[in-house]
Amino acid sequence: MVKIGVIGKGGQINSHIEYFRSTSNVELSAVYITDTSVKLKTACPVYSSLDELIEISDAIYILETDDSPFEIVLKAFRNGKHVFIEHISALSLNEIEELLNSRKEANVKCMIGSTVLCHPVYMAIKNETINPQFIESQRRIANDKNDSRNIILDLMLQDLAIVLNMVKSEIKRISANGLKVMNDTVDIANARLEFSNGCVAILTVSKTGMSDENYINFYEENKVLSIDFKHSKAFTYTKSRNSEGQIEPTYLTSAPIDSFQYQLENFRDSIAENAIPLLKLREGYEKLDIAHKILKKINSFNED
């Protein structure tokens, strides 16, 4: 049984609390609420002291929080506790470097949240054999002036996670640009990643659209692998055609997956059974580092 203490805002804890109570071999030790404007709907132990929460828990699960996640994670590590961090973009690269050293000294597990890496359509293509030579990724979000998410650190970072999982090669060159169209911040951006093995990935993210769109296509000679997140479809096709001269896709399926449940169980198993975390702290750092390099390119482009 893994005792997990949950840290986050009241509303978010409300929407996730039953997962911790219904997941086998997980015990919700207590919660620590950083935003008390939303009250808990379900009775459970609530601590006003972070130190007390850490003391009674085997692991800390950090949802979105108004407090500094760096200080929370560092304190947990120093007390020998395992940690789940939902949003790695809330940390700076320097902070993660310090946490990597602290985690190693404490010899504990740290897992980073990534709903795309356990999305049903991504899980459907994980066992497909493909050596992509070209990748195109498109993420378009309907324009909403209240959407404060950073176009690179919050949105493109998700597509980067998949691209870097699929391409087992170092990045040798990054180019990027972006533009302010509908908002006061950059709301459309494009990045080109060139890998040492010759693969090229073109990633585009936009918050200027009338509707949502999210897909990633992987190309190699004679084969295409496509993921459509909006319509929850994954399929492959080759240059071979049927008797009518048409290309017929092969649709890929996987069992229905609840992303939050999957991550919670994976975090539990990484602690109790030494399972491999879906996304390790080091891997999260590497992806965030690339996202920051893209962001730096975009900022310099806009300054010219």
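Each remark here, short or long, concerns the structure printed above.
Because the structure is a prediction, the values reported are computed rather than measured.

Some details on the overall build of the protein chain
(1) Moving on: Regarding its fold elements, the protein chain presents eight helices and 13 strands.
(2) Moving on: Here the C-alpha atoms of the protein chain give a radius of gyration of 21 Å, agreeing with the 19 Å that 2.2 N^0.38 yields for 304 residues.
(3) Moving on: In terms of overall dimensions, the protein chain has a C-alpha envelope of 65 × 50 × 40 Å along the principal axes.
(4) Moving on: In the protein chain, once contacts between residues fewer than 6 apart in sequence are set aside, the share between residues at least 24 apart is 67%.
(5) Moving on: With an accessible surface of roughly 15300 Å², the protein chain has 44% of that area assigned to carbon and sulfur atoms.
(6) Moving on: On the protein chain, the mean spot of the 34 positive side-chain charges and the mean spot of the 42 negative ones are 3 Å from each other.

Considerations on the nonpolar core
(1) Moving on: Core analysis: the biggest nonpolar cluster contains 95 residues, and I4, Y61 and I294 have the highest contact counts within it.
(2) Moving on: When residues in this core are grouped by element, the largest group, 12 residues, is from helix 6 (residues 151–166).
(3) Moving on: Those residues in contact with I294, other than ones at most four positions away along the chain, are I152, M156, L160, I174, A176, A191 and L193.

As for the packing of aromatic side chains
(1) Moving on: Summed over the entire model, instances satisfying the criterion amount to 10 aromatic pairs.
(2) Moving on: Each ring, one from F20 and one from Y61, has its centre 5.1 Å from the other, and the planes form 85 degrees; the classification is edge-to-face. Taken as a pair, F20 in helix 1 (residues 10–22) and Y61 in strand 3 (residues 59–62) lie far apart in primary sequence, 41 residues in all. As far as the burial class goes, F20 and Y61 line up, both buried.
(3) Moving on: Look at Y61 and F267: their rings are 5.8 Å apart centre to centre, the planes differ by 75 degrees, and that puts the pair in the edge-to-face class. Highlighted residues: Y61 in strand 3 and F267 in helix 7 (residues 259–272), separated in sequence by 206 residues.
(4) Moving on: Y61 sits in the buried class, given a relative accessible area of 0%.

A closer look at helix 1
(1) Moving on: A rise of 1.5 Å per residue sets the reference length of helix 1, with its 13 residues, at 18 Å; its end C-alpha atoms lie 19 Å apart and thus fit the reference within 8%.
(2) Moving on: Maximal helix bending in helix 1 amounts to about 45 degrees, located at H16.
(3) Moving on: Taken as a whole, helix 1 has its buried residues at G10, Q12, I13, N14, H16, I17 and F20.
(4) Moving on: Buried-residue contacts for helix 1 involve strand 1 (2–9), strand 2 (26–35), strand 3 and helix 7.

Observations concerning the packing of helix 1 against helix 7
(1) Moving on: In the contact formed by helix 1 and helix 7, the axes pass within 11 Å of each other and the chain directions differ by 45 degrees. By the angle class used here, helix 1 and helix 7 are oblique. Between helix 1 and helix 7 the crossing geometry is right-handed. Listed contacts from helix 7 to H16, Y19 and F20 of helix 1 are F260, Q261 and L264.
(2) Moving on: Here the residues of the contact of helix 1 with helix 7 are counted per class, giving four nonpolar, two polar and no charged.

Side note on the sheet that holds strand 7 (residues 171–179)
Strands belonging to one sheet form pairs held by backbone hydrogen bonds; the direction of such a pair is parallel or antiparallel.
(1) Moving on: Pairing is mixed across the open sheet formed by eight strands, whose spatial order is 7-8-9-6-10-11-12-13. This sheet does not close on itself; its edge strands, each paired only once, are strand 7 and strand 13 (250–252). Averaged over all adjacent pairs, the angle separating strand axes in this sheet is 15 degrees, with direction ignored.
(2) Moving on: As defined by bridge partners, strand 7 adjoins strand 8 (residues 188–195) across eight bridges and the pair is classed as antiparallel. Directly across from R173, in strand 8, lies its bridge partner E194.
(3) Moving on: Of the strands in this sheet, strand 6 (134–142), strand 7, strand 8, strand 9 (200–209), strand 10 (213–220) and strand 11 (223–228) touch helix 6, which is tilted by about 150 degrees from strand 9.

A short note on the pattern of salt bridges
(1) Moving on: Inspection of the entire model under this criterion finds 10 salt bridges.
(2) Moving on: In this structure, the salt-bridge partner of D51 is K75, at a minimum N-O distance of 3.0 Å. Here D51 is found in helix 2 (residues 50–56), whereas its partner K75 is found in helix 3 (residues 69–78), with 24 residues between them in sequence.
(3) Moving on: Here K223 and E128 are joined by a salt bridge, their closest N and O atoms 3.3 Å apart. With K223 in strand 11 and E128 in the loop between helix 5 (120–125) and strand 6, the pair connects residues that are 95 residues apart, well separated along the chain.

Criteria and thresholds
Residues numbered from 1 in each chain as written. Predicted model: local features only at pLDDT ≥ 70, side-chain atom pairs only at ≥ 80, totals over all residues. Heavy atoms only, no water. Helix = DSSP H or I, 4+ residues; strand = E, 2+ residues; numbered from the N terminus. Rg over C-alpha atoms; globule rule 2.2 N^0.38 Å. Contact = heavy atoms within 4.5 Å. Areas by Shrake-Rupley, 256 points an atom, 1.4 Å probe, with all protein chains shown as cover. Lys, Arg positive; Asp, Glu negative; His and termini not counted. Charge placed at Lys NZ, Arg CZ, Asp CG, Glu CD. Core = buried A, V, L, I, M, F, W, Y, C linked by side-chain atoms within 4.5 Å. Buried < 20%, exposed > 50% of the residue type's maximum accessible area, 1.4 Å probe, protein only. Phe/Tyr/Trp six-rings, centres within 6.5 Å; stacked < 30°, edge-to-face > 60°. Expected span 1.5 Å × (residues − 1). Bend = angle between axes of the 7 residues up to and from the residue. Axes fitted to C-alpha atoms, helices over the stretch in contact; angles between N-to-C directions. Parallel < 35°, antiparallel > 145°, perpendicular 65-115°, else oblique. Left-handed = near helix turned anticlockwise from the far one by under 90°. Nonpolar A, V, L, I, M, F, W, Y, C, P; charged D, E, K, R; others polar. Pairing = 2+ DSSP bridges. Salt bridge = Lys/Arg side-chain N within 4 Å of Asp/Glu carboxyl O.

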